[in-house]
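These are the residues of each chain, in order.
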Amino acid sequence: MSTLTVDVPQNGSVKNVDSSSVHELDEYDFTRLPDRPRNLNLERQRSFDERSLTELPLGFSPHPPSRADNFYRAFDVLDSFFSPGRRSGFSTPKSQFGYGMSNEPHPMVAEAWDNLRRSLVYFRGQPVGTIAALDNSEENLNYDQVFVRDFVPSALAFLMNGEPEIVKNFILKTLRLQSWEKRIDRFQLGEGVMPASFKVLHDPTRNTETLIADFGESAIGRVAPVDSGFWWIILLRAYTKSTGDTSLAERPECQKGMRLILSLCLSEGFDTFPTLLCADGCSMIDRRMGVYGYPIEIQALFFMALRCALLLLKQDGPGEEFIERIIKRLHALSYHMRSYFWLDLKQLNDIYRYKTEEYSHTAVNKFNVMPDSLPEWVFDFMPLHGGYFIGNVGPSNMDFRWFCLGNCIAILSSLATHEQAMAIMDLIESRWEELVGDMPLKVSYPAIESHEWRIITGCDPKNTRWSYHNGGSWPVLLWLLTAACIKTGRPQIARRAIELAETRLSKDGWPEYYDGKLGRYVGKQARKHQTWSIAGYLVAKMMLEDPSHLGMVAIEEDKQMKPVLKRSSSF
Ligand code: GLC
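Procedures and definitions
- Residues numbered from 1 in each chain as written.
- Predicted model: local features only at pLDDT ≥ 70, side-chain atom pairs only at ≥ 80, totals over all residues.
- Heavy atoms only, no water.
- Salt bridge = Lys/Arg side-chain N within 4 Å of Asp/Glu carboxyl O.
- Buried < 20%, exposed > 50% of the residue type's maximum accessible area, 1.4 Å probe, protein only.
- Helix = DSSP H or I, 4+ residues; strand = E, 2+ residues; numbered from the N terminus.
- Axes fitted to C-alpha atoms, helices over the stretch in contact; angles between N-to-C directions.
- Left-handed = near helix turned anticlockwise from the far one by under 90°.
- Contact = heavy atoms within 4.5 Å.
- Nonpolar A, V, L, I, M, F, W, Y, C, P; charged D, E, K, R; others polar.
- Pairing = 2+ DSSP bridges.
- Near = heavy atom within 4 Å.
- Polar contact = N/O pair within 3.5 Å; in protein donor to acceptor, adjacent residues only side chain to side chain.
- Areas by Shrake-Rupley, 256 points an atom, 1.4 Å probe, with all protein chains shown as cover.
- Phe/Tyr/Trp six-rings, centres within 6.5 Å; stacked < 30°, edge-to-face > 60°.
- Lys NZ or Arg CZ within 6 Å of the ring centre and 35° of its normal.
- Parallel < 35°, antiparallel > 145°, perpendicular 65-115°, else oblique.
- Expected span 1.5 Å × (residues − 1).

Can you help me understand the pattern of salt bridges in this one?
Side-chain pairs of opposite charge can arise where the charged atoms are in close proximity. Per the stated rule, a full pass over the model turns up 17 salt bridges. D399 is the salt-bridge partner of R401, the closest N and O atoms lying 2.7 Å from each other. Exposure remark for D399: the relative accessible area of 13% places this residue in the buried category. Between E449 and R465 there is a salt bridge, with the nearest N and O atoms lying 2.8 Å from each other. Note that E449 is positioned in the loop between β14 (444-445) and α17 (450-457) and R465 in the loop between α17 and α18 (477-487), a separation of 16 residues in sequence.

Quick look at the structure:
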């Protein structure tokens, strides 16, 4: 672990964000690189998001009309949906929201806010993050740390509630950590690596506070978190979008931090694919689970982070070079993902009939996938209408498992085309019992068991079938589902899922995850009062109540980046 000791200052006051110096931060078309002016998107088109939000299913009519209804119905509000400089939580009174279909706040909302505030971690008198879990009944391990990925829903909750200071502190603090020298034994990690987690150690006698960060060198399995850097960029954009304060992202140190992260993932190597090659356990699923190679969870975050970076990078000398590289990569990545990771009935049938051992450019089965490697379950799982991005694609390898985070991020980043996004939502609806069951939401589906479990997890007792990362149900994923539902204009799906969570989450003490095929049992080793379960619920509630919050975690489809394949009519 890396450490830093600092003296505690007398007064750690937090500056307010100056929203008077708001600059436009627009989405722009990254296909028009050469003469790209800063802050484009000047042609106002009726966007994908506008389209999907205005073409809601007829069945959607909650009572009484809430602010959300007004949002969906009023075109003038849509104008500000992705507009810059508007704090999307503006009309939300602090800690008062959480109104559902009635105008009464759900009692769980107040309880969740209490818990969230109790999880705050302070450094030099300032809040800098939230602890992973407030559960003292189990051995702490590293649950007493601030995890970068875990902090994201907390940060969104604070931003939505008009409390951006903690998010700014977190962004700056983790940026400082990034510059530390990171070593595992005698090997030095890349400069841009962001920590998985950090912790503040207080020494009352010496009046010092020490930061301890973990870049993977202490983590179980010793894997660096590839997702941390991506989440950091995504959060920087969420902060900028929500507050309208572009000055944070424009700071030289933030620009440099972004470039360091990007250097790591845009570097040239032996790759033949634009996807990012990863070790197992480098994301939310941080143990061996067969998600090495090109896992969807990372590819979707990679795409989202690249799109966010494109919006945040300054067009100065070093920034300009990165912008060019990002644009090229985005093109290649979206082509690759939309073509080869996408699975629907038609594509499944094509793979089933694949010829193998094809050579040369004319090959249809480019990765030489053996039809015999198709698992039995996928034929039943695939609905007539619907589809999803599969877990992994590599040489002679297709991992057909469903991963929730990757598919939701694909929708939010517009890696998924409009048709693909709709198809993913169709699949979630058709496979509700499998993917949601009694508690939202399965992190992966289905579970691996028996021989496969032994080989793939290395006999991991925490990841037995239908538990933890292996088909467990994670309440934190509720915010991602809700955001995806709003983006696709299907909030009723999120509402159903939230209602399910409300039947148990608080009674069960906000567990980290649930076990079982239907997610009916509190997870075998689940921590209680897991902060991201709490924050995920709050974010889902706030977004449903005021869908304009979506703007901070979603990016519109780029009209120029047309889908390359239309595989089937189920789109
Ligand atoms: C577990 C999860 C990981 C999370 C951490 C802290 O290790 O797998 O995703 O970040 O707990 O909550």
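Looking at this structure, I do not really get the packing of helix α5 (residues 148-160) against helix α20 (residues 531-545). What am I missing?
Relative orientation and spacing of two packed helices are given, respectively, by the angle between their axes and the distance between those axes. Here α5 crosses α20 at 40°, and the two axes come no closer than 8 Å. Taken as a pair, α5 and α20 cross one another with a handedness that is left-handed. Of α20, the residues touching α5 (which contributes R149, D150, P153, S154, L156, A157 and M160) are T531, W532, A535, G536, V539, M542 and M543. Its residues assigned to classes, the contact of α5 with α20 shows nine nonpolar, three polar and two charged.

I would appreciate a short explanation of the pairing of strand β8 (residues 208-214) in the present structure.
Regular strands place their side chains on alternate faces of the sheet. A large share of β8 lies buried, amounting to seven of its seven residues. Where strand β7 (residues 197-203) and β8 come together, seven bridges link them in antiparallel fashion. Bridged to D203 within β8 is T208. The antiparallel hairpin formed by β7 and β8 contains four residues in its connecting segment, where N207 sits at a positive phi of about 50°.

When you look at the site of the ligand in this model, what are you seeing that I'm missing?
Neighbouring the ligand are 13 residues; D150, M284, D286, H469 and Q530 lie closest to it. Contacts to the ligand include H469, whose side-chain N or O atom sits 2.7 Å from an oxygen atom. Compared with its free state, where it exposes 300 Å², the ligand has 97% of that area covered by protein. Along the lines of polarity and charge, the residues of the shell around the ligand split into seven nonpolar, two polar and four charged.

Would you mind going over the packing of aromatic side chains with me for this structure?
Two measures describe an aromatic ring pair: the distance that separates the ring centres and the angle between the ring planes. Summed over all chains, the structure comprises 21 aromatic pairs. With a centroid separation of 5.7 Å and an interplanar angle of 85°, the aromatic rings of F381 and Y388 are classed as edge-to-face. Assessed through its relative accessible area of 2%, F381 is described here as buried. We classify Y388 as buried; its relative accessible area is 0%. Members of the aromatic cluster, joined through ring pairs, are W377, F381, Y388, W402, Y445 and W466. Over the aromatic face of W432 sits the side chain of R496, whose NZ or CZ is 4.0 Å from the ring centroid.

Where do I start with the packing of helix α9 (residues 252-266) against helix α11 (residues 317-341) in this structure?
α11 packs onto α9 with a crossing angle of 40° between their chain directions and a minimal axis gap of 11 Å. What the angle tells us is that α9 and α11 run oblique. When the axes of α9 and α11 are compared, the crossing they make is left-handed. When α9 is examined against α11, the residues R259, L262, S263, C265 and L266 are found in contact with a partner set consisting of P318, G319, F322, R325, I326 and R329. Residues belonging to the contact of α9 with α11 are distributed by class as follows: six nonpolar, two polar and three charged.

Looking at this structure, how should I read helix α6 (residues 165-178)?
Structurally, the α-helix is built with 3.6 residues per turn, so residues lying three or four positions apart point the same way. The first and last C-alpha atoms of α6 sit 20 Å apart over 14 residues, in line with the 20 Å expected at 1.5 Å per residue. Buried residues of α6: I166, V167, K168, N169, F170, I171, K173, T174, L175, L177 and Q178, and no others.

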